[in-house]
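Single-letter residue listing:
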Amino acid sequence: MTDASASATQRAFLDLLHTQRVWDIELPAFDPASAPPAPLPLFHAWFAGAVAAGQTEPHTMTLATVDAEGLPDVRTLMLHDADERGWHFATHSTSAKGRELAARPYAALNFYWPAQGRQVRVRGPVTPCSPAESDADLHARSTGALASALVGRQSEVLGSTGELDRASDDAWQRAQEEPGAEVASWTRYVVEPREVEFFQGDARRRHVRLRYRREAGARAGAWQRELLWP
């Protein structure tokens, strides 16, 4: 590609980028003074609101971890639960994120629901659940999810798509024949929240940000609430 064509391609990209609208809809109001004393009920309410607003895949979230060199790593995955223990997800303990969490058991989550201009951010230590709970998590999912878990080798280098096809076909057959098949590396994790921030976007950029914060070792339910500048 010549310099001129590369420049034209870049200009076309920027033109396209700058025409994209943000929150070109009516956004809900959020009065932080009416927020509950703990973050979990508000998360449940906002999640239900996102579903009611037609948000696509509201249960997807980004998970940020740190690798062996101290560099950030991030990916999108699904929420499995949010309860008094924290925010739950699952993956192979042998995957990149599993290894990173074993070395540095701390993570950040982010939910983004553009249908309502809302974000929720969660930060805290991560704890693996028991093997029994991890196994129950795996077998509560679809046949396809079990087949994918049986393939394993997540984050390893793949030689070819043909190799993946063969492994996936074999795993799918086994998942159908053995719906109770065990996957030792499948692990459910819980992010214990130390900070939870609720962000309500505003078309005039007067965003509302409410942060719940709890110090390590604080008694259960002892949350501090504070507003943040947008």
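Residues numbered from 1 in each chain as written. Predicted model: local features only at pLDDT ≥ 70, side-chain atom pairs only at ≥ 80, totals over all residues. Heavy atoms only, no water.

Asker: Give me the packing of aromatic side chains: which residues, what numbers.
Answerer: Enumeration according to the criterion identifies 12 aromatic pairs in this entry. Aromatic pair F89 and Y189: ring centres 5.4 Å apart, planes at 20°, arrangement stacked. Pair noted here: F89 is in strand β4 (residues 86-92) and Y189 is in strand β7 (residues 186-191), with a separation of 100 residues, a long-range link. Neither F89 nor Y189 differs from the other in exposure class; each is buried. Geometrically, the ring pair formed by Y212 and W223 is edge-to-face, given 6.3 Å between the ring centres and 85° between the ring planes. Residue Y212 is located in strand β9 (residues 208-213), and its partner W223 is located in the loop between β9 and β10 (224-228); the two are separated by 11 residues in the primary sequence. For the pair formed by Y212 and W223, the shared burial category is buried. Among the aromatic residues, ring-to-ring pairing joins F30, W46, F198, Y212 and W223 into one connected group. Above the face of the W46 ring, R118 is positioned so that its terminal group lies 4.0 Å from the ring centre. (Phe/Tyr/Trp six-rings, centres within 6.5 Å; stacked < 30°, edge-to-face > 60°. Helix = DSSP H or I, 4+ residues; strand = E, 2+ residues; numbered from the N terminus. Buried < 20%, exposed > 50% of the residue type's maximum accessible area, 1.4 Å probe, protein only. Lys NZ or Arg CZ within 6 Å of the ring centre and 35° of its normal.)

Asker: Explain the packing of helix α5 (residues 143-151) against helix α6 (residues 161-177) residue by residue, including any values.
Answerer: At a closest axis distance of 8 Å, the pairing of α5 and α6 adopts a crossing angle of 125°. Judged by the angle between their axes, α5 and α6 are oblique. Note that α5 runs across α6; the crossing there is right-handed. Listed contacts from α6 to T143, G144, L146, A147, L150 and V151 of α5 are A167, S168, A171, W172, R174, A175 and Q176. Its residues placed into classes, the contact of α5 with α6 shows eight nonpolar, four polar and one charged. (Axes fitted to C-alpha atoms, helices over the stretch in contact; angles between N-to-C directions. Parallel < 35°, antiparallel > 145°, perpendicular 65-115°, else oblique. Left-handed = near helix turned anticlockwise from the far one by under 90°. Contact = heavy atoms within 4.5 Å. Nonpolar A, V, L, I, M, F, W, Y, C, P; charged D, E, K, R; others polar.)

Asker: Residues and numbers for unusual backbone geometry, please.
Answerer: Although it is not a glycine, R153 sits at a positive phi angle of roughly 60°. Locating R153 in the fold gives a position in the loop between α5 and α6. A positive phi angle, close to 80°, is found at S155, a residue other than glycine. Following the sequence through the fold, S155 ends up in the loop between α5 and α6.

Asker: Quick rundown of the nonpolar core? Include the residues and the values.
Answerer: One broad trend across soluble globular proteins is that nonpolar side chains are buried collectively. With 29 residues, the main nonpolar core has L42, F43, W87, F89, F111, V120 and F198 as its most contacted residues. Mapped onto this core, the elements with two or more residues apiece are α2 (39-52), β1 (60-66), β4, β5 (106-113), β6 (118-128), β7, β8 (195-200) and β9. Tallying contributions element by element places α2 first for this core, with five residues. (Core = buried A, V, L, I, M, F, W, Y, C linked by side-chain atoms within 4.5 Å.)

Asker: So what's going on with a nonpolar patch on the surface? Residues and values would help.
Answerer: Residues F13, L14 and L17 make up a contiguous nonpolar surface patch of about 260 Å² in total accessible area. As for its placement among the helices and strands, L14 is situated in helix α1 (residues 3-18). On the basis of relative accessible area, L14 is assigned to the partly exposed category, the value being 31%. (Patch = residues over 30% accessible without salt bridge, like charges linked within 9 Å, V, L, I, M, F, W, Y side chains within 5 Å. Areas by Shrake-Rupley, 256 points an atom, 1.4 Å probe, with all protein chains shown as cover. Salt bridge = Lys/Arg side-chain N within 4 Å of Asp/Glu carboxyl O.)

Asker: Account for helix α4 (residues 131-139), naming residues and giving values.
Answerer: Listing the buried residues of α4 in full gives S134, D137 and L138. Along the axis of α4, the buried residues cluster in a sector spanning 100°; they form a single face. (Arc of directions from axis to C-beta.)

Asker: Go over the side chain of R213 with me, naming the residues and quoting the values.
Answerer: As for its position among the elements, R213 is in strand β9. Beyond its immediate chain neighbours, meaning those up to four positions away, R213 contacts R194, E195, A222, W223, Q224 and E226.

Asker: Report on the pattern of salt bridges, specifying residues and quantitative values.
Answerer: Taken as a whole, this structure holds 15 salt bridges when the rule is applied. Between E197 and R209 there is a salt bridge, with its nearest N and O atoms 2.6 Å apart. Here E197, found in strand β8, pairs with R209, found in strand β9; they are 12 residues apart in sequence, far enough to count as distant. Judged by its relative accessible area of 5%, E197 falls in the buried class. Salt bridges here are not isolated pairs; linked through shared partners, they connect D73, R75 and E100.

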